[in-house]
Amino acid sequence: AAYWEWHVECDEDGDSAGGDEEGGRALDEDAEIKFGVATKKNQQFYKALIANDEGEDVPMDDDGTALMKSIPNLRSGDVIGVALQHSDLPMVQFLHNGEPLHHLAINRFRGAVFPSVWLKHCEGVTASVAFNEAEFKKDPPHHRFGPLIVARGII
């Protein structure tokens, strides 16, 4: 089981609305960020995301984007945690500032997956990934979730 985080930040001059007492600056209402894992790590993956956003009918199971979810109402300083369980019942769980988003959980997938993020209409917004435990701002959902490690082929 693995865990990593995406740290969302807005530039002061970025395309975002003003902040308030709830936390950092809100992302522009047209901004969309999808988090998750991809089943492919090639240009076709990003071309499919663009085609889906433009209304073209691209089957998401074939393009590697089926395991990505959009998380609304993000603000600068938000932390999106991704917990990946690759066992008898593979699962991807999402956390927003440490709180589980059960309605976005993805169950039963196969094969290798790769951490991924998609920023649409996000001028001045960055999403930085943290794979190292020392960089985590929130705790994983369970002690069995450790940092993501590089896969090694067995010869």
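Up top you'll find the structure we're talking about.
So, how was this worked out
- Residues numbered from 1 in each chain as written.
- Predicted model: local features only at pLDDT ≥ 70, side-chain atom pairs only at ≥ 80, totals over all residues.
- Heavy atoms only, no water.
- Helix = DSSP H or I, 4+ residues; strand = E, 2+ residues; numbered from the N terminus.
- Contact = heavy atoms within 4.5 Å.
- Areas by Shrake-Rupley, 256 points an atom, 1.4 Å probe, with all protein chains shown as cover.
- Disulfide = S-S within 2.5 Å.
- Core = buried A, V, L, I, M, F, W, Y, C linked by side-chain atoms within 4.5 Å.
- Buried < 20%, exposed > 50% of the residue type's maximum accessible area, 1.4 Å probe, protein only.
- 1 Å grid on protein atoms, 1.4 Å probe; cavity = no way out; pocket = protein on both sides within 12 Å on 5 of 7 lines; lining within 4 Å.
- Points joined across faces, edges and corners; volume = space filled by probe spheres on them.
- Nonpolar A, V, L, I, M, F, W, Y, C, P; charged D, E, K, R; others polar.
- Phe/Tyr/Trp six-rings, centres within 6.5 Å; stacked < 30°, edge-to-face > 60°.

Asker: Help me understand the overall build of the chain in this model?
Answerer: Helix and strand counts for the chain stand at 2 helices and 10 strands. Ordered by position from N to C terminus, the α and β elements of the chain give β-β-α-α-β-β-β-β-β-β-β-β. Restricting the contact set of the chain to residue pairs at least 6 apart, pairs at least 24 apart contribute 68%. Total accessible area computed for the chain in this model is approximately 9300 Å², and 47% of it derives from carbon and sulfur atoms.

Asker: In this structure, what is going on with the state of the cysteines? I would like to understand it.
Answerer: Cysteine pairs can be covalently joined through their sulfur atoms, and such a bond is termed a disulfide. By the definition in use, this model includes 0 disulfides. No disulfide involves Cys10; its sulfur sits 8.4 Å from the nearest other cysteine sulfur, which is in Cys122.

Asker: What is the right way to read the nonpolar core from this model?
Answerer: Across soluble globular proteins, nonpolar side chains have a tendency to be buried as a group. Ile33, Phe35 and Phe94 are the most contacted members of the largest nonpolar core, which totals 27 residues. With 5 residues, the single largest contributor to this core is strand 1 (residues 2-10). Beyond its immediate chain neighbours, meaning those up to four positions away, Ile33 contacts Val8, Leu27, Lys69, Ser70, Ile71, Leu74, Val117, Trp118, Leu119, Cys122 and Val125.

Asker: Explanation requested: the layout of surface pockets in the structure shown.
Answerer: Here the second largest pocket defines a volume of roughly 180 Å³. Taken together, 13 residues make up the lining of the second largest pocket; nearest its centre are Leu27, Ala31, Pro72, Asn73 and Leu74. Residues that form the lining of the second largest pocket fall into these classes: 7 nonpolar, 2 polar and 4 charged.

Asker: Even after reading the chapter, I still don't get the environment of Ile80, so can you show me in this structure?
Answerer: Residue position: Ile80 is located in strand 4 (residues 79-85). Exposure remark for Ile80: the relative accessible area of 0% places this residue in the buried category. Distance in space between the C-alpha atoms of Ile80 and His96 is 4.8 Å, their sequence separation being 16 residues. Ignoring any residue separated from it by four or fewer positions in sequence, one finds Ile80 in contact with Trp4, Glu5, Trp6, Phe35, Ile71, Leu74, Leu95 and His96.

Asker: Is there a simple way to think about unusual backbone geometry in this case?
Answerer: A negative phi holds for most residues other than glycine; trans holds for most peptide bonds. The residue Asn97 is not glycine, and still its phi comes out positive at about 55°. Relative to the elements of secondary structure, Asn97 occurs in the loop between strand 5 (91-96) and strand 6 (99-100). The class of Asn97 is partly exposed, set by a relative accessible area of 28%. We note that His121 has phi near 55°; this positive angle belongs to a residue other than glycine. Inspection of the secondary structure puts His121 in the loop between strand 8 (114-120) and strand 9 (125-130).

Asker: Got a minute to help me understand the packing of aromatic side chains in this structure?
Answerer: The relative placement of two aromatic rings is captured by the distance of their centres and the angle of their planes. This structure, assessed with the given rule, holds 3 aromatic pairs. When the ring of Tyr3 is compared with that of Phe136, the centres are 5.0 Å apart and the planes differ by 90°; the resulting orientation is edge-to-face. Here Tyr3, found in strand 1, pairs with Phe136, found in the loop between strand 9 and strand 10 (146-147); they are 133 residues apart in sequence, far enough to count as distant. A residue is classified by how much of its surface remains accessible, and Tyr3, at 1% relative accessible area, is buried. Aromatic pair Trp6 and Phe35: ring centres 6.4 Å apart, planes at 50°, arrangement tilted. Separated by 29 residues along the polypeptide, Trp6 in strand 1 and Phe35 in strand 2 (residues 32-38) bring together distant segments of the chain. The pair Trp6 / Phe35 is uniform in exposure class, with both members buried.

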